[in-house]
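For reference, the chains in residue letters:
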Amino acid sequence: MDYRITNEQTDARADEIVQFLQGPRLYIPQASYSQHGQWLENKVHPQLKSGVKIASICLDRSDVSGVIIYQNHPELSGTAEIRNITVRPTDRGRYIGSFLLKNTEHEIKYYLQAEKILIDCKQSNIQMIRFLQKHGYTIETITDLYHHGDDLDVVFVKKI
């Protein structure tokens, strides 16, 4: 193991990041996100290339083992949003998600100059809910955020 966390050159790594996000993921049932593939291709990929979205990446040598996608909130000043947290299932228990999250929070605070972070997950995703609560995120609301007819979404907030 030789892990390194970076957010450098995510525009150049957009293809690799999207391919990674299409694969198996910890704590995220594919069935709960029926529009996931379309979101990756139509939003994440072009927005990584343009710099609207940023990726914190955990590399194991040169292989991606974890990714967090984040951005400034398009409507709320001083707010950022984490759009995806993904860790390769074979790296479970190595605290990659925790390290990535801490690094992303730092980047959001000091480089995006945001004061709070929003993130959502499906209400049925108990493991992700526990992960976020363990890292200081509190539930702001529970709603059908994306109107896809999937499970309800839990919206979390954290002041940084």
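Residues numbered from 1 in each chain as written. Predicted model: local features only at pLDDT ≥ 70, side-chain atom pairs only at ≥ 80, totals over all residues. Heavy atoms only, no water.

Draft legend 1. Broad picture of the side chain of glutamate 105. You can see glutamate 105 is positioned in helix H3 (residues 96-110). Residue class for glutamate 105 comes out buried when judged on its relative accessible area of 8%. Among the polar contacts made by the side chain of glutamate 105, one reaches the side chain of lysine 158 at a distance of 3.2 Å. Those residues in contact with glutamate 105 that sit more than four places away from it in its chain are Ile117, His135, Tyr137, Lys158 and Ile160. (Helix = DSSP H or I, 4+ residues; strand = E, 2+ residues; numbered from the N terminus. Buried < 20%, exposed > 50% of the residue type's maximum accessible area, 1.4 Å probe, protein only. Polar contact = N/O pair within 3.5 Å; in protein donor to acceptor, adjacent residues only side chain to side chain. Contact = heavy atoms within 4.5 Å.)

Draft legend 2. The sheet that holds strand E2 (residues 54-60), seen in detail. Read across the open sheet, the seven strands follow the order E1-E2-E3-E4-E5-E7-E6; overall the sheet is mixed. Edge positions in the sheet fall to strand E1 (3-6) and strand E6 (138-143), since each has one partner strand and no second. The average undirected angle you get between the axes of adjacent strands in this sheet is 20°. In this structure, strand E3 (residues 63-72) lies alongside strand E4 (residues 79-87), joined through seven bridges in antiparallel fashion. By the bridge assignment for E4, glycine 66 is matched with valine 87. Helix H1 (residues 14-21) rests against E2, E3 and E4 of the sheet, and its axis sits at about 105° to E3. (Pairing = 2+ DSSP bridges. Axes fitted to C-alpha atoms, helices over the stretch in contact; angles between N-to-C directions.)

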